[in-house]
Amino acid sequence: MGWIQRIALDNEPFVVVPQNCRFGPKAQLFQPAAEDTDQLDVSAASSFNYHDPGNTRLNWYTLPQSVLVIKKARDHDVLEPFVQLIRCLLRKGMQVFVEESVLTEEISQKCEVFIKMKDQLCTFVQGCDGLNEKIDFIVCLGGDGTLLYAGSLFQTSVPPVMAFHLGSLGFLTPFEFVDVETKIDSVLSGHANLTLRSRLKCVIRSKEAASHVLKSADAGGGATVAGSGDTVAMRNGFRNEDATHVVLNDVVIDRGPSPYLVHIDLFADGQLVTSVQGDGLIISTPTGSTAYAVAAGASIIHPGVPAIMITPICPHSLSFRPIVVPAGCDLRVMVSENARDSAWVSFDGRNRQQLSIGDSLRITTSVYPLPSICAADQMQDWFNGLAGCLHWNVRKPQKKLDPDL
């Protein structure tokens with residue numbers, strides 16, 4: 001069972017509830033014994049059964065042995081905490097993985113302590129080395145971008161992530177780099193809560209590929225890959241072999257360098273919802289609601305809420321407001337045949353590429369969330385971030401009236 005329990009609807013499963021979650025090779029959600037839980041009404045277990053946000057404790061069913069350390073790039077201030085953390089992990093007998101590029105960084109080469117330790121480290125190269133079965137635990141040193149990058153390394157199951165605030169904003173990085181060894185010991189002992197941050201699975205489909213597969217399906221009752229002779233499972237013109245990206249924050253479709261309005265059609269569960277004319281469209285997770293979406297006027301949503309946000313960027317319409325749809329919604333964005341120019345798409349600010357007229361992008365909630373370890377709990381961490389990083393509802397208090405006047 002993956003992150004979420006699923007039920008069938010029109011032959012396509014949709015999101016219901018986190019259940020029996022496993023994160024990487026050795027971590028899972030803590031499952032309390034039956035005698036420790038209140039009597040639950042299970043009559044609706046086969047339909048809607050929302051997970052209690054407060055019941056997301058980390059549980060190691062095998063002691064973690066390997067840890068991936070991701071640090072913010074090109075930042076001298078992170079080097080000393082990075083070296084301190086690695087020394088701590090090596091003393092615990094853990095197998096420590098770092099990016100291969102870290103070993104040859106100019107700032108790393110100037111640190112004698114790091115040079116003495118680097119032969120004890122394991123390395124990987126993004127896009128070349130598979131990490132899914134090697135990493136039990138992730139530690140990030142940096143800001144929100146560092147956490148986004150760490151998540152992008154795992155397109156399927158993500159090990160638990162402990163993020164230390166050593167960057168600019170730090171809304172997603174709740175840990176301060178103080179008394180680090182005690183905090184890590186606590187996490188490795190299983191004394192930690194998790195925030196399960198949903199991610200979006202995005203599949204790009206070119207007009208030509210969609211047209212070919214659909215014609216093949218109409219002719220032979222199945223979809224055949226050009227030149228392969230293999231029939232593949234498909235839905236809405238998409239198949240498993242198409243380019244796929246998994247994002248934690250958002251996928252953004254915009255007009256790029258074009259002087260024209262972007263013109264894209266938005267479909268939900270196969271039905272045309274609206275045509276977007278403006279600077280673009282942001283499709284985001286609740287985690288991404290505090291990123292580009294909030295700057296474009298969207299609401300802020302707690303990451304425990306199962307939802308997808310749809311936010312227009314400068315729409316040429318006075319009535320186009322941001323909306324929220326259920327996490328199980330199957331979205332598709334297509335560059336309209338009536339568009340004057342192509343559009344551009346980026347995934348968590350990366351992998352930017354052009355979408356030609358007729359190209360499509362299918363967006364669904366991934367079954368693999370990012371399990372972010374809480375410094376306190378998911379509610380306290382979230383509100384602390386809103387107040388401390390975004391200065392939510394910060395203003396001078398109103399003076400009371402003087403009763404003597």
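Residues numbered from 1 in each chain as written. Predicted model: local features only at pLDDT ≥ 70, side-chain atom pairs only at ≥ 80, totals over all residues. Heavy atoms only, no water.

> It is not clear to me how unusual backbone geometry should be interpreted in this structure. Could you clarify?
Most peptide bonds take the trans configuration, and most residues that are not glycine carry a negative phi. In this structure, Asp269 is a non-glycine residue whose phi angle is positive, near 50°. Secondary-structure assignment places Asp269 in the loop between strand S19 (262–268) and strand S20 (271–284). Its relative accessible area of 46% is what places Asp269 among the partly exposed residues. Phi angles above zero are rare outside glycine, and Asn393 is one such case at about 55°. (Helix = DSSP H or I, 4+ residues; strand = E, 2+ residues; numbered from the N terminus. Buried < 20%, exposed > 50% of the residue type's maximum accessible area, 1.4 Å probe, protein only.)

> What am I meant to see in a nonpolar patch on the surface here?
A contiguous nonpolar surface patch, about 420 Å² in accessible area, is contributed by Val294, Ile300, Met379, Phe383 and Trp392. In this structure, Val294 sits in helix H8 (residues 292–295). Take Val294: its relative accessible area is 30%, and that puts it in the partly exposed class. (Patch = residues over 30% accessible without salt bridge, like charges linked within 9 Å, V, L, I, M, F, W, Y side chains within 5 Å. Areas by Shrake-Rupley, 256 points an atom, 1.4 Å probe, with all protein chains shown as cover. Salt bridge = Lys/Arg side-chain N within 4 Å of Asp/Glu carboxyl O.)

> Before we go on, may I ask you to explain the packing of aromatic side chains in this structure?
To describe a pair of aromatic rings, one takes the distance between the centres and the angle between the planes. For the coordinates displayed, the defined rule picks out 6 aromatic pairs. Seen in terms of ring centroids, Phe164 and Phe175 are 5.6 Å apart; in terms of plane orientation they differ by 50°. Their pairing is tilted. Remark: Phe175 occurs in the loop between strand S10 (161–165) and helix H6 (180–188) and Phe164 occurs in strand S10; sequence separation between them is 11 residues. Since its relative accessible area comes to 6%, Phe175 is described here as buried. These aromatic residues form a ring-pair network of at least three members: Phe164, Phe175 and Phe177. One cation-aromatic arrangement involves Lys71 over Phe82; the distance from NZ or CZ to the ring centre is 5.8 Å. The residue whose ring lies beneath Arg332 is Phe267, and the NZ or CZ to ring-centre distance is 4.2 Å. (Phe/Tyr/Trp six-rings, centres within 6.5 Å; stacked < 30°, edge-to-face > 60°. Lys NZ or Arg CZ within 6 Å of the ring centre and 35° of its normal.)

> Honestly, the pattern of salt bridges in this entry has me stumped. Any pointers?
Where charged atoms from two side chains of opposite charge come close, those side chains can pair. For the structure on display, the rule yields 11 salt bridges. For Asp279, the salt bridge goes to Arg255, with nearest N and O atoms at 2.8 Å. Placement of the pair is Asp279 in strand S20 and Arg255 in the loop between strand S18 (250–254) and S19, with a sequence separation of 24 residues. Through salt bridges that share partners, Arg91, Lys92, Glu181 and Asp185 make up one connected network.

> For this particular structure, what's the right way to read helix H9 (residues 378–388)?
Helical periodicity: at 3.6 residues per turn, an α-helix aligns residues three or four positions apart in one direction. Looking at H9, one finds that the buried residues are Gln378, Asp381, Trp382, Gly385 and Leu386. Taken around the axis of H9, the buried residues stretch over an arc of 135°, which confines them to a single face. As for H9, its buried residues are in contact with strand S11 (194–197). The N-terminus of H9 is capped by Asp377, whose side-chain oxygen sits 3.0 Å from the backbone nitrogen of Met379. (Arc of directions from axis to C-beta. Contact = heavy atoms within 4.5 Å. Polar contact = N/O pair within 3.5 Å; in protein donor to acceptor, adjacent residues only side chain to side chain.)

> Help me out: how do you make sense of the nonpolar core in this one?
Where a protein is soluble and globular, its nonpolar side chains tend to be buried together. Residues Phe82, Leu85, Ile86, Val96, Phe114, Phe137 and Ile373 are the most contacted members of the largest nonpolar core, which totals 41 residues. The leading source of residues in this core is helix H1 (residues 76–91), at 8 residues. If we skip the residues at most four places from it in the chain, Leu85 touches Val69, Val139, Leu141, Phe177, Val180 and Ile184. By size, the runner-up hydrophobic cluster in this structure holds 28 residues, among which are Ile204, Ile283, Cys329 and Val333. (Core = buried A, V, L, I, M, F, W, Y, C linked by side-chain atoms within 4.5 Å.)

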